[in-house]
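Descriptive structure summary
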Amino acid sequence: WGVKIFKVQEAPSKALQAKIDEIKRKHKYEGDRITATLNFVQDEIRYLGLESGIGSYKPFQPNIVFEQRFGDCKDKSLLMTHMLNAMGIEAYPVLVSTTMLNTVRDFIPSPKYFDHCIVKVVDQNKKNRWYDPTISNQGGDYRNTSIPNYKLGFVLKRNNTAFDEISF
């Protein structure tokens, strides 16, 4: 269910593609592109949670979030992963429970158990990196960006059936 509702329906708009191209042009290395994308989503897309109805489960499409310049955790995570994927960087939205932490694995995955969304990036060295795009003005670079201790995350990747331990 998660992969389906987080599916991006369209290619980047001209404006979003221009931002992706700008990051690629300014930053030669993958790590610098990850950092620039994270900083952009954290600092230039305002966090605003309007989470009612289907909006409590389904994110807005990246083109909409980029244009309106605000979104909740799902919106910001999907925008970040979409931008990174467009640069050839492996990235996925990740559902977490900020209240249940490790005990979330005791339940069958369901939207009602997850109250936050973050991002998993698999860098060119196959190292898992975890980012919370809702944290503003965090700074740092892709190797040393801190993340709250969410413990476990459910990576929204086709055929995934297990939780990942989130290292920080």
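Look up: the structure comes first, before these words.
Residues numbered from 1 in each chain as written. Predicted model: local features only at pLDDT ≥ 70, side-chain atom pairs only at ≥ 80, totals over all residues. Heavy atoms only, no water.

**What about the sheet that holds strand β4 (residues 116–122)?**
The following threshold applies: For two strands to be treated as a pair, DSSP must find no fewer than two bridges joining them. Put simply, DSSP H or I for four residues or longer makes a helix, DSSP E for two residues or longer makes a strand, and each gets a number counted from the N terminus. The criterion used for residue contact is that any of the two residues' heavy atoms lie within 4.5 Å. The axes used here are C-alpha line fits, helices contributing only the stretch in contact, and every angle between their N-to-C directions lies in the interval 0 to 180 degrees.
One open sheet holds the five strands; their spatial order is β5-β4-β3-β6-β7, and the pairing between them is antiparallel. Among the strands making up the open sheet, the edge pair consists of β5 (128–131) and β7 (164–165). Inspection of the sheet shows β4 paired to β5 by four bridges, in the antiparallel sense. Considered in β5, the bridge of Val122 is made with Asn128. Helix α5 (residues 73–86) contacts β3 (90–96), β4 and β5 of the sheet and is inclined by roughly 15 degrees relative to β4.

**A short note on the packing of aromatic side chains**
The criterion, for reference: Only rings of Phe, Tyr and Trp enter the pairing, Trp through its six-membered ring, and a pair is recorded when the two centres are within 6.5 Å. The plane angle decides the type: under 30 degrees is stacked, over 60 is edge-to-face, the rest tilted. Relative accessibility under 20% of the residue-type maximum defines a buried residue, over 50% an exposed one, and the middle range a partly exposed one, all with a 1.4 Å probe and only protein chains included.
Overall, the coordinates contain four aromatic pairs when judged by the stated rule. Aromatic side chains Trp1 and Phe114 sit 6.5 Å apart centroid to centroid with 40 degrees between the ring planes, which places their arrangement in the tilted category. A residue pair is termed long-range when its members are at least 10 positions apart, and Trp1 in the segment before α1 (2–5) and Phe114 in the loop between β3 and β4 qualify at 113 residues. Taking the relative accessible area as the measure of exposure, Trp1 reaches 44% and is therefore partly exposed. Judged by centre distance (5.6 Å) and plane angle (70 degrees), the rings of Phe154 and Phe163 are edge-to-face. Ring-pair connections join several aromatic residues into one group, and the members of that group are Trp1, Phe114, Phe154 and Phe163.

**Here we look at α5**
Our working rule: The length a helix should cover is 1.5 Å for every residue beyond the first.
Between its first and last C-alpha, α5 extends 20 Å over 14 residues, near the 20 Å set by a 1.5 Å rise per residue. Counting buried residues along α5, twelve of its 14 residues qualify, which places the element largely inside the surrounding structure. Among the residues of α5, Cys73, Lys74, Asp75, Lys76, Ser77, Leu78, Leu79, Met80, Thr81, His82, Met83 and Leu84 are the ones counted as buried.

**Topic: the environment of Met80**
Inspection of the secondary structure assignment puts Met80 in helix α5. It is 7.6 Å that separates the C-alpha atoms of Met80 and Pro133, two residues lying 53 residues apart in sequence.

**A closer look at the nonpolar core**
Rule in force here: For this analysis, a nonpolar core means a set of buried residues of the types Ala, Val, Leu, Ile, Met, Phe, Trp, Tyr and Cys, connected via side-chain atoms within 4.5 Å.
One finds Ile34, Leu79, Met80, Met83, Leu84, Val121 and Tyr131 to be the most contacted residues of the largest nonpolar core, which totals 22 residues. Contributions of two or more residues to this core are made by α2 (14–26), α3 (30–44), α4 (62–68), α5 and β4. Here this core gets five residues from one element, more than from any other, and that element is α3. The residues touching Tyr131, leaving out its near neighbours within four places in the chain, are Ile34, Leu38, Met80, Ile118, Val119, Val121, Tyr142, Thr145 and Ile147. In terms of nonpolar packing, the next biggest core, distinct from the first, is built from eleven residues, Cys73, Leu95, Phe114 and Cys117 among them.

**A closer look at the packing of α2 against α5**
Threshold: Angle categories: roughly parallel below 35 degrees, roughly antiparallel above 145, roughly perpendicular from 65 to 115, and oblique for all the rest. Each helix crossing is assigned a hand: it is left-handed if the near helix lies turned anticlockwise from the far helix by less than a right angle, otherwise right-handed if that turn is clockwise. Residue type decides the class: Asp, Glu, Lys and Arg count as charged, Ala, Val, Leu, Ile, Met, Phe, Trp, Tyr, Cys and Pro as nonpolar, and the leftover types, Gly among them, as polar.
Packing of α2 against α5 brings their axes to within 10 Å, and their N-to-C directions diverge by 60 degrees. When the interaxial angle is binned, α2 and α5 end up oblique. In this structure, α2 meets α5 at a crossing whose hand is right-handed. Packed against α2, whose contacting residues are Leu16, Lys19, Ile20, Ile23 and Lys24, the element α5 presents Leu79, His82, Met83 and Ala86 at the interface. Residue composition of the contact of α2 with α5, by class: six nonpolar, one polar and two charged.

**Quick notes on the side chain of His82**
Structurally, the position occupied by His82 is in helix α5. In this view, His82 contacts Val8, Glu10, Ala11, Pro12, Leu16 and Pro62; residues no more than four positions away in its chain are not counted.

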